[in-house]
Amino acid sequence: MATTEAILQVLSGAGPCVFSSDPCFRSSDLTFSSKLHIKRVKKRASRCMKMFKCSNVLQNGIGNHWFKGLGDRDRSVNAMINRLQLLRCKGPQAERVGGVNEGGNGTWFVDGANTLNLNGAASGEHTDCSGAWDAQQSTREKEGFASKGALNQEKESLATNGAVGTGRDASPKVSVDPIEEEAWELLRNSMVYYCGSPIGTIAANDPTSSSVLNYDQVFIRDFIPSGIAFLLKGEYDIVRNFLLHTLQLQSWEKTMDCHSPGQGLMPASFKVRTVRLDGDDDFATEEVLDPDFGEAAIGRVAPVDSGLWWIILLRAYGKCSGDLSLQERIDVQTGIKMILRLCLADGFDMFPTLLVTDGSCMIDRRMGIHGHPLEIQALFYSALLCAREMLAPEDGSADLIRALNNRLVALSFHIREYYWIDLRKLNEIYRYKTEEYSYDAVNKFNIYPDQVSPWLVEWMPNQGGYLIGNLQPAHMDFRFFSLGNIWSVVSGLATRDQSNAILDFIEAKWSDLIADMPLKICYPALEGQEWQIITGSDPKNTPWSYHNAGSWPTLLWQLTAACIKMNRPEIAARAVEIAEKRISRDKWPEYYDTKKARFIGKQAHLFQTWSIAGYLVAKLLLADPSAARMLVTDEDPELVSAFSCMISTNPRRKRGQKNSKKTFMV
């Protein structure tokens, strides 16, 4: 097998040391030392040449955690190592010399000008996502990952879904308005550097705030719109660095009161810290990456969405840059599998949805979303599709891909069938019979009709519908959650008819969901005694504030991607136009308060990075809708066939029908 041979080459020293990824790389011009020991900083006799050397991530061998549970279940590689407690990069920084030069003790320095050319362009030039898409498809054809017919089918599908245009000018001349100029300047000012290379963006750069908390850290979910903006701008280095460094943090063993989370968990955030080296001179320092897996977060909740967003961004990087070498690396393939095995692990749950606790996603405080929140299911479905597209076809991945395909079928059926609500479905729930015990029960989850709230009866329009926020036994959360519904459109979790109905619903309830500043994170707000019980009287989540139905400008980019996919960009353009009236003048707040989003959030940080990046991505996508294809995933024909088969045998549709000849493992 290819993976096994590569591992043997590494262990024998015959091949490149793909696991010893130096944290001090410069994105695409990565070079790795074949020696797996840490190189110490030594002060040179001449202070004119101040050099730094970055320590290898791994020490004394290959980490046993990379191989645990991979390949066949009976195969494992156990190499005992002493792992570093922090990723280190020692300083002061060296001056790079032209070309490739070898340091005095075997450290290689590569001239930053001689960077890897992703699409055959000269150094320093960047091609756009459309050109990279074509280059990527050509590469996949050569390597057998996609056939010519599949490529044509994909292009036709994208055209059908509203990805207008087949390509962009390599050097488009677009006038940038003052708001965009300001946004780009603020985004670049928020960039974080590690060992001299950009690695991410901090959550907020608010000079007026005295309470920094953890807003000076790089959050995985917050960086996604920043990463997409940089990709659309042709600046791939920062995204590549971010993906590789967060992958290195994935394997850390973190504990909370002597309990360790599952292997494969991605951190919620990390911080670059500069510390002095003990026992060395005053000029010797090191930079360390300090991750937070939730053990320091408010509420001590581990992030479920970090790993899912990481996979989605990895796919977007490959499609936009055309650089498939990153996702084909053994350590990256291993990281994908670790996330999948963590999410696909068997448990006590009977449902194909991902069971998570409150506060494990964008809504990271207690808001009554424990169980099977829609946002996580949409990201889970999207990550499964992206991972299946990127996983290398090998014997060791066969069982994982089989489990992945089965989960995709079951998950899509479950969400589309049981989470969907419109006026017709609402009337059906209103007439539900309860306490049904049988295999063909209509009210499978024993939902009591009294759960249909008066606000919902009045709020539901005649046209359109949406996916509810949560579903558990005897409980349906009828609140509208924006990110879950929008990403269900982007990922194809919702059917095409449902996707159009969701956009119809947003238009019909424009004054509630968009109002004076897009976009409500959920609707309606929890108020009164319900707010006290469900949120624990959270003073930050008061009604129509923060996660409790506050308005978040960062959601603009997801809305734009969904509207472009469904060939309805005018909806997103209208929302962006509303945001532009205030967002710059209000200093780019994190969120807005009140039912109509008239006030800046009472505890909102200003110059919030993902508010800035979300606006930029929305503008860039509207300027070139074809670029949205790096985010969009379409329905797989096999999934559609399997879904149709399950619908036809569903007792709600037709009782007593014989089983289909073709069976699907679910």
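Under an unreviewed UniProt entry, the protein has the name Alkaline/neutral invertase and belongs to Populus tomentosa. According to UniProt, the comment filed for the protein under the heading Sequence similarities (unreviewed entry) is "Belongs to the glycosyl hydrolase 100 family."

Helix and strand counts for the protein come out as 21 helices and 14 strands. For the protein, buried positions account for 58% of its 666 residues. Of the accessible surface of the protein, which amounts to about 28500 Å², a share of 51% is contributed by carbon and sulfur atoms.

For the pair helix α14 (residues 482–491) and helix α18 (residues 556–565), the least separation of the axes is 8 Å and the interaxial angle reads 40°. For the element pair α14 / α18, the angle class is oblique. Like other packed secondary-structure pairs, α14 and α18 cross with a definite hand, here left-handed. The residues of α18 that touch α14, namely those facing L483, I486, W487, V489, V490 and S491, are W557, Q558, L559, A561, A562 and K565. Across the contact of α14 with α18, the residue classes break down as nine nonpolar, two polar and one charged.

On to the pairing of strand β7 (residues 269–276). By the bridge criterion, two bridges tie strand β6 (residues 218–219) to β7 in an arrangement that is antiparallel. By the bridge assignment, V218 is partnered in β7 with F270. Sheet topology note: the β7/strand β8 (residues 285–292) ladder contains eight bridges and is antiparallel. Of the residues in β8, the one forming a bridge with R273 is V288.

A sheet is described by the order of its strands in space; here four strands give the open sequence β9-β10-β11-β12, paired in antiparallel fashion. Both edges of this open sheet fall to β9 (420–422) and β12 (522–523), since each of them pairs with a single strand only. Note: strand β10 (residues 465–472) against strand β11 (residues 475–481), four bridges, orientation antiparallel. Looking at β11, one finds that Q472 is bridged to H475. Helix α12 (residues 423–430) contacts β9 and β11 of the sheet and is inclined by roughly 100° relative to β9.

About the criteria used
- Residues numbered from 1 in each chain as written.
- Predicted model: local features only at pLDDT ≥ 70, side-chain atom pairs only at ≥ 80, totals over all residues.
- Heavy atoms only, no water.
- UniProt positions renumbered as here; feature names shortened; annotations may be inferred.
- Helix = DSSP H or I, 4+ residues; strand = E, 2+ residues; numbered from the N terminus.
- Buried < 20%, exposed > 50% of the residue type's maximum accessible area, 1.4 Å probe, protein only.
- Areas by Shrake-Rupley, 256 points an atom, 1.4 Å probe, with all protein chains shown as cover.
- Axes fitted to C-alpha atoms, helices over the stretch in contact; angles between N-to-C directions.
- Parallel < 35°, antiparallel > 145°, perpendicular 65-115°, else oblique.
- Left-handed = near helix turned anticlockwise from the far one by under 90°.
- Contact = heavy atoms within 4.5 Å.
- Nonpolar A, V, L, I, M, F, W, Y, C, P; charged D, E, K, R; others polar.
- Pairing = 2+ DSSP bridges.

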